[in-house]
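Results of the structural survey
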Amino acid sequence: MQIQLVSSHGMLAILEVLEDYQSHFLYPPLGISTSAQSSSNSSATPSPQTNSIALPGSAAGIGRKASGMGMGVVSSLGLGSLASLGSLGLGGRSTSGASATSASSVASVASLGITGSLPLHSTVTGVSSGLSAGSREIVLQLLRIVNLLVTENVSFLESFCLIGGIPVVMGFTSKRFPSECRLEASNFIRLLCHTSVLTLQMFISCRGLKVLVDLLDEDCSSASQAPLVAHALNGVSSVFDLQSPTTKNDFCRMFVREGLLEPLSGALLNVMANVNTTFDGKRKTQDSLDGLRGVEDWREEENVDGAGLEGGMKMKIIRILLVFSQVSQSDSYVRHAVGTRKVIRRLLRACELLEPECLVLMLKAVKHLSMNISLLDVLQNANTIEILVRILEEQASSPHSTEMSNHIFQTCFNLCRLNKSRQEEAAQAGIIPCLQRVSETQSPLKQFALPILCDMASAGKSCRMLLWQHDGLSMYLRLLEDPYFQVSALESILSWLQDEPARVEDELMRPNAIRSVLDCFITSKANSFENLLELFLKLTRISSRITTAFSRSAAFFRKVADRLGHNTKPVVRLNLLRILKFVCDAHPNRGILVERYGSGGGLLGVLEGLSRGGGDGVVLIRELAKEIIQVLRPGLKPLPGGGRVGSRGVTPKRMRRTASETSAVTVGAAAGGSVLTTGRKPSSSTGASKIISTRPKTRLKDIPWQGTQ
């Protein structure tokens, strides 16, 4: 019965007093002079029309020790005193239950003990008392009573929210009120966010997100304001952890609309600036109701681990920022808010000051931001690459170095890919040695490090200069052995050769370098071989010295002959024939080529097959094969019978006689008869025409007709 009376009457009375004080504090009535207020406040003796109501002295020493202590405080206060609070005249009006509160109720309250006198006017004209220090004390005590009741009983909290207590208490978080009242109001908000899902939903529906943003905009270095920031961070974290139909994207948009990101990023820097400030973790209240809160362990209240209050606040801020960075990938409204120069510079500044445990999460947030193309320029202008490379070098021996390297390399990959200016910036920041260390291991990070290294060869003069200093060409030659990156490595070598032909060609003409390039061509698999052909064709066009070096390799010609014979793709055959033509043209002794690689069913035999059609009948392939045969034919050795050594070791096939040769005859005149001569040259050495004796022509009259004989 007592709990029911408190929830139905006492809570309404308390709410009425708080609302009246709040309205008259923020909007004081006109006609009340400052001198009247000062005279009423400075009066030491109460007026004849003023009674004295005492706060219960028994409540002064009560601490928060057990769950039933709240009911004990309510019982010691008396239901009549709770109901009579509405008639204190703080708001210039009395409650509906003021008429029922007679002198007996006042006497019951006065009998509880006198700890301090507060003016109680019998009329409604005592507005000045609502602005006095005593009235502020009443409001502070009422807020503490509310927190005590709702802390010990969840039903009290839900009932207080249902009767409209959330907007009233939230109003006391404004900077217009004393810091003690703001602290109690923020503690009430903390209870709303952590007690139940229902109270949290009601808090959000009362536009509580704006209150959380306002509480974040405080100075963390102040011992009185640090709990406000901690309560706000707990509230924001609870909102994102809420399991409801409202998604995190919607909550992020709501927070962005309220302006959360700037105070949140500023709070992160403020917390790190005060990381060396020591807090004893205990706060002793110095007021008349210190027993209601007593000695409070703030670290335990904020669920902070052994790292301290600052460490817990930092981790919460970083996790909230991580949520925003993840949502920004799919939400343009949030991305535009997160991508401001001010916020990103604060995040990167925090990366330089955070300890490794928190730094891992912050680097992950920066990685998510780098996945947005529209934010790449903002990140570049904030010196992101330089900061990340410095962290990569400093944290190389850290226990979290693997996770940090993962996030940093992915971020640098997103920034440097297909952008030469950022590639030059990364090279000048000193990223090349870091990338080379990763390329020499079997780490999965190679897929992010090696593309950056391969792109630097064509990034600019400064990048190539740094690559010369770090032996970049040898690194590219070693990468030719990797089937996954040999195409990229050869592209880098080719690009470098085009920009600095003399110096790079001298390096490639070394035996080890030529062997690496030839091995790449010979041992490449079918998938990468097709992509390498175009690069090798460019290489043979640019450098004749390298092309001549290719012609000295027997394995090279065997590979070409094998691919020409077994690969049926016209593009592959055409590129192979073009490479072969360049190699044959560059070789000083083509006869040796035919003698070494053209015997039997070798290269020349494959070329002759392609020149006759080769199965696919592509005109370009057939004509190019004929051109290569004509280049090689002067090197063929003549046979004793007049032929030349072919690919199969036999004389070339004789041409078939045409019909014109067999039918063309000439009739010559000779003595004693007619002779016929053919158009072929005579085989005798005299040079005379060959005379063929024939019978005389049969005359028409000599032809026997049927039936005449």
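Residues numbered from 1 in each chain as written. Predicted model: local features only at pLDDT ≥ 70, side-chain atom pairs only at ≥ 80, totals over all residues. Heavy atoms only, no water.

1. Describing the overall build of the protein chain
For the protein chain, the helix and strand inventory stands at 40 helices and seven strands. Burial analysis of the protein chain (709 residues in total) assigns 48% to the buried set. For the protein chain, restricting intrachain contacts to residue pairs at least 6 apart in sequence, the fraction spanning at least 24 positions comes to 72%. Counting only carbon and sulfur atoms, one obtains 52% of the accessible surface of the protein chain, whose full area is about 35300 Å². (Helix = DSSP H or I, 4+ residues; strand = E, 2+ residues; numbered from the N terminus. Buried < 20%, exposed > 50% of the residue type's maximum accessible area, 1.4 Å probe, protein only. Contact = heavy atoms within 4.5 Å. Areas by Shrake-Rupley, 256 points an atom, 1.4 Å probe, with all protein chains shown as cover.)

2. Structural notes on the side chain of Asp331
In this structure, Asp331 sits in the loop between helix H18 (309-327) and helix H19 (332-338). Only 2.9 Å separates the side chain of Asp331 from the side chain of Arg253, close enough to count as a polar contact. If we ignore the near neighbours within four places in the chain, the residues touching Asp331 are Asn249 and Arg253. (Polar contact = N/O pair within 3.5 Å; in protein donor to acceptor, adjacent residues only side chain to side chain.)

3. Considering helix H13 (residues 226-241)
Between its first and last C-alpha, H13 extends 23 Å over 16 residues, near the 22 Å set by a 1.5 Å rise per residue. When you tally the buried positions in H13, you get 15 out of 16 residues, the bulk of the element. (Expected span 1.5 Å × (residues − 1).)

4. Thoughts on the nonpolar core
Counting 185 residues, the largest nonpolar core has Phe324, Met456 and Leu607 as its most contacted members. With near-sequence residues (within four places) excluded, Phe324 lies in contact with Phe240, Cys252, Phe255, Val256, Leu260, Leu261, Val334 and Val338. (Core = buried A, V, L, I, M, F, W, Y, C linked by side-chain atoms within 4.5 Å.)

5. Concerning the packing of aromatic side chains
Applying the stated criterion across every chain, the model contains 13 aromatic pairs. Ring geometry for Phe413 against Phe448: centres 5.7 Å apart, planes inclined by 75 degrees, an arrangement best described as edge-to-face. In this pair, Phe413 is assigned in helix H24 (residues 401-416) and Phe448 in helix H27 (residues 446-455), connecting sequence segments 35 residues apart. Plain terms: the ring middles of Tyr476 and Trp496 are 6.1 Å apart, the flat faces sit at 80 degrees to each other, and that makes the pair edge-to-face. Placement of Tyr476 in helix H29 (residues 472-479) and of Trp496 in helix H30 (residues 486-499) is noted, with a sequence separation of 20 residues between them. Like Trp496, Tyr476 is buried. (Phe/Tyr/Trp six-rings, centres within 6.5 Å; stacked < 30°, edge-to-face > 60°.)

6. What to know about the pattern of salt bridges
Inspection of the entire model under this criterion finds 20 salt bridges. Between Asp455 and Arg417 there is a salt bridge, with its nearest N and O atoms 2.7 Å apart. On the criterion of sequence distance, the pair formed by Asp455 in helix H27 and Arg417 in the loop between H24 and helix H25 (420-429) is long-range, its members being 38 residues apart. You can call Arg417 partly exposed: its relative accessible area is 37%. A salt bridge links Glu505 to Arg545, with the shortest nitrogen-to-oxygen separation between them at 3.6 Å. In this pair, Glu505 sits in helix H31 (residues 501-508) while Arg545 sits in helix H34 (residues 544-551), placing the two residues 40 residues apart along the sequence. Assessed through its relative accessible area of 15%, Glu505 is described here as buried. If you follow the salt bridges from partner to partner, you end up with Arg349, Glu352, Glu386 and Arg390 in one network. (Salt bridge = Lys/Arg side-chain N within 4 Å of Asp/Glu carboxyl O.)

7. Considerations on helix H32 (residues 511-523)
Between the first and last C-alpha of H32 there are 18 Å, a value that for 13 residues agrees with the 18 Å anticipated at 1.5 Å per step. Taken residue by residue, H32 has Ala513, Ile514, Val517, Leu518, Cys520 and Phe521 as its buried positions. Buried residues of H32, viewed axially, fall in a sector of 150 degrees; they line one side. The outward face of H32, more than 90 degrees from its buried face, is lined by the exposed residues Pro511, Asn512 and Thr523. (Arc of directions from axis to C-beta.)

8. Things to note about the environment of Asn249
Topologically, Asn249 is positioned in helix H14 (residues 248-258). What makes Asn249 partly exposed here is its relative accessible area of 27%. For the pair formed by Asn249 and Val334, sequence separation is 85 residues and the distance between their alpha carbons is 8.3 Å. Not counting residues within four places of it along the chain, the set of residues in contact with Asn249 comprises Val327, Ser330 and Asp331.

9. Structural notes on the packing of helix H23 (residues 384-394) against H25
In contact at an axis separation of 9 Å, H23 and H25 are set at 35 degrees when each is read in the N-to-C sense. H23 and H25 meet at a crossing whose hand is right-handed. For the pair H23 and H25, the contacting residues are Ile385, Glu386, Val389 and Glu393 in the first and Arg422, Glu425, Ala426 and Ala429 in the second. (Axes fitted to C-alpha atoms, helices over the stretch in contact; angles between N-to-C directions. Left-handed = near helix turned anticlockwise from the far one by under 90°.)

10. So, unusual backbone geometry
The phi dihedral of Arg207 is positive, around 60 degrees, even though this residue is not glycine. Along the chain, Arg207 falls in the loop between helix H11 (197-205) and helix H12 (208-216). On the basis of relative accessibility, which here comes to 61%, the residue Arg207 falls in the exposed class. With a phi angle near 60 degrees, Leu418 is a residue other than glycine that sits in the positive phi range. Within the secondary structure, Leu418 is located in the loop between H24 and H25.

11. Some thoughts on the confidence of the model for the protein chain
Taken over all residues, the pLDDT of the protein chain has a mean of 75, while the share at 70 or more is 66%. Predicted confidence is poor over residues 30-131, with pLDDT under 50, and the contacts of this stretch with residues over four places away or in other chains come to 134 contacts. A low-confidence stretch, residues 278-307 (pLDDT under 50), is modelled with 65 contacts involving residues beyond four sequence positions or located in other chains. (pLDDT = per-residue confidence, 0-100.)

12. Looking at the packing of helix H33 (residues 526-542) against helix H36 (residues 570-586)
Running from amino to carboxyl end, H33 crosses H36 at an angle of 25 degrees, the nearest separation of the two axes being 9 Å. By the criterion of interaxial angle, the relationship of H33 to H36 is roughly parallel. Relative to H36, the crossing made by H33 is left-handed. Side by side, H33 and H36 meet where Phe529, Glu530, Leu533, Glu534, Phe536, Leu537, Thr540 and Arg541 of the first sit next to Val572, Asn575, Leu576, Arg578, Ile579 and Phe582 of the second. Taken together, the residues of the contact of H33 with H36 break down into eight nonpolar, two polar and four charged. (Parallel < 35°, antiparallel > 145°, perpendicular 65-115°, else oblique. Nonpolar A, V, L, I, M, F, W, Y, C, P; charged D, E, K, R; others polar.)

13. Some details on the environment of Gln380
Tracing the backbone through its elements, the reader meets Gln380 in helix H22 (residues 376-381). Judged by relative accessible area, which is 18%, Gln380 ranks as buried. A sequence separation of 41 residues divides Gln380 from Ser421, and the C-alpha atoms of the two residues are 9.7 Å apart. What Gln380 contacts, discounting residues up to four positions off in sequence, is Ser421, Arg422 and Glu425. Here Arg422 takes part through its side chain, which lies 3.0 Å from a polar atom of the side chain of Gln380.

14. Some thoughts on a nonpolar patch on the surface
Judged by side-chain polarity, Leu12, Leu162 and Ile163 come together as a nonpolar surface patch covering roughly 280 Å² of accessible area. Tracing the backbone shows Leu12 in helix H1 (residues 2-26). Classification of Leu12 by relative accessible area gives partly exposed; the value is 43%. (Patch = residues over 30% accessible without salt bridge, like charges linked within 9 Å, V, L, I, M, F, W, Y side chains within 5 Å.)

15. Points about the state of the cysteines
Counting across every chain of the model gives zero disulfides. In this structure Cys412 is not part of a disulfide, and its nearest cysteine sulfur, from Cys416, lies 5.6 Å away. (Disulfide = S-S within 2.5 Å.)

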